Amino acid sequence: ALASLTHSLEMQPDNPYVLMHQAIAYIGTGDEAEAVKVLKKSMVLSIIANDHRNAIRALGIFKSLDLSEHIAADELMAYETKINSLLTNPETRTEK
């Protein structure tokens, strides 16, 4: 799965949905550091694109896989705050 996702990212390097799945694949291989890096990129790209659904998914994966030890608490809070602002501002919400 990881090879296929990596290939997809060669064609679309900033696809937050594929990045999110690549992070899950990295978890499966035991590479939490790379998973965190890729999942953070997915969240940032989702926030930039005002894609609240993917941003919430990425944040949920981050929390459910207990990756919090790999990120500063204030950085995680900043992601949560920005994602919550996407949810409360209908002008920034995307419907996917």
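For the structure, see preceding data.
My aim in this report is to walk through the structure given alongside it, one point at a time. (Residues numbered from 1 in each chain as written. Predicted model: local features only at pLDDT ≥ 70, side-chain atom pairs only at ≥ 80, totals over all residues. Heavy atoms only, no water.)

Within the chain, the secondary structure is distributed over five helices and zero strands. Going residue by residue from the N terminus, the α and β elements of the chain occur as α-α-α-α-α. C-alpha extents for the chain along the principal axes are approximately 35 × 30 × 15 Å. Burial analysis of the chain (96 residues in total) assigns 38% to the buried set. Sequence separation of 24 or more characterises 51% of the internal contacts of the chain that already satisfy a separation of 6 or more. Counting every atom, the chain has about 5600 Å² of accessible surface; 56% of that belongs to carbon and sulfur. Computed over 9 positive and 13 negative side-chain charges, the inter-centroid distance for the chain is 7 Å. (Helix = DSSP H or I, 4+ residues; strand = E, 2+ residues; numbered from the N terminus. Buried < 20%, exposed > 50% of the residue type's maximum accessible area, 1.4 Å probe, protein only. Contact = heavy atoms within 4.5 Å. Areas by Shrake-Rupley, 256 points an atom, 1.4 Å probe, with all protein chains shown as cover. Lys, Arg positive; Asp, Glu negative; His and termini not counted. Charge placed at Lys NZ, Arg CZ, Asp CG, Glu CD.)

Right, let's talk about the pattern of salt bridges for a bit. One pass over the structure, following the stated rule, counts four salt bridges. Residue Lys 37 is joined to Glu 34 by a salt bridge in which the shortest nitrogen-to-oxygen separation is 3.7 Å. Of this pair, Lys 37 and Glu 34 both sit in helix α3 (residues 32-48), three residues apart, which is roughly one turn of that helix. (Salt bridge = Lys/Arg side-chain N within 4 Å of Asp/Glu carboxyl O.)

What follows deals with unusual backbone geometry. Despite not being glycine, Asn 50 shows a phi value in the positive range, around 55 degrees. Phi is positive for Asp 66, close to 55 degrees, though the residue is something other than glycine. Inspection of the secondary structure assignment puts Asp 66 in the loop between α4 (52-64) and α5 (73-88).

A few words on the environment of His 7. Summarising the element assignment, His 7 is placed in helix α1 (residues 2-11). The class of His 7 is partly exposed, set by a relative accessible area of 44%.

Note on placement: Asp 51 falls in the loop between α3 and α4. Polar contacts involving the side chain of Asp 51 include one to the main-chain amide nitrogen of Asn 54, which spans 3.2 Å. (Polar contact = N/O pair within 3.5 Å; in protein donor to acceptor, adjacent residues only side chain to side chain.)

For the pair α4 and α5, interaxial distance at closest approach is 10 Å and the crossing angle is 150 degrees. When the axes of α4 and α5 are compared, the pair comes out roughly antiparallel. α5 is crossed by α4, and the crossing has left-handed handedness. Residues His 52, Ala 55, Ile 56, Leu 59, Phe 62 and Lys 63 of α4 touch α5, and the partners they reach there are Leu 76, Glu 80, Ile 83, Leu 86 and Leu 87. Tallied by class, residues from the contact of α4 with α5 come to eight nonpolar, one polar and two charged. (Axes fitted to C-alpha atoms, helices over the stretch in contact; angles between N-to-C directions. Parallel < 35°, antiparallel > 145°, perpendicular 65-115°, else oblique. Left-handed = near helix turned anticlockwise from the far one by under 90°. Nonpolar A, V, L, I, M, F, W, Y, C, P; charged D, E, K, R; others polar.)

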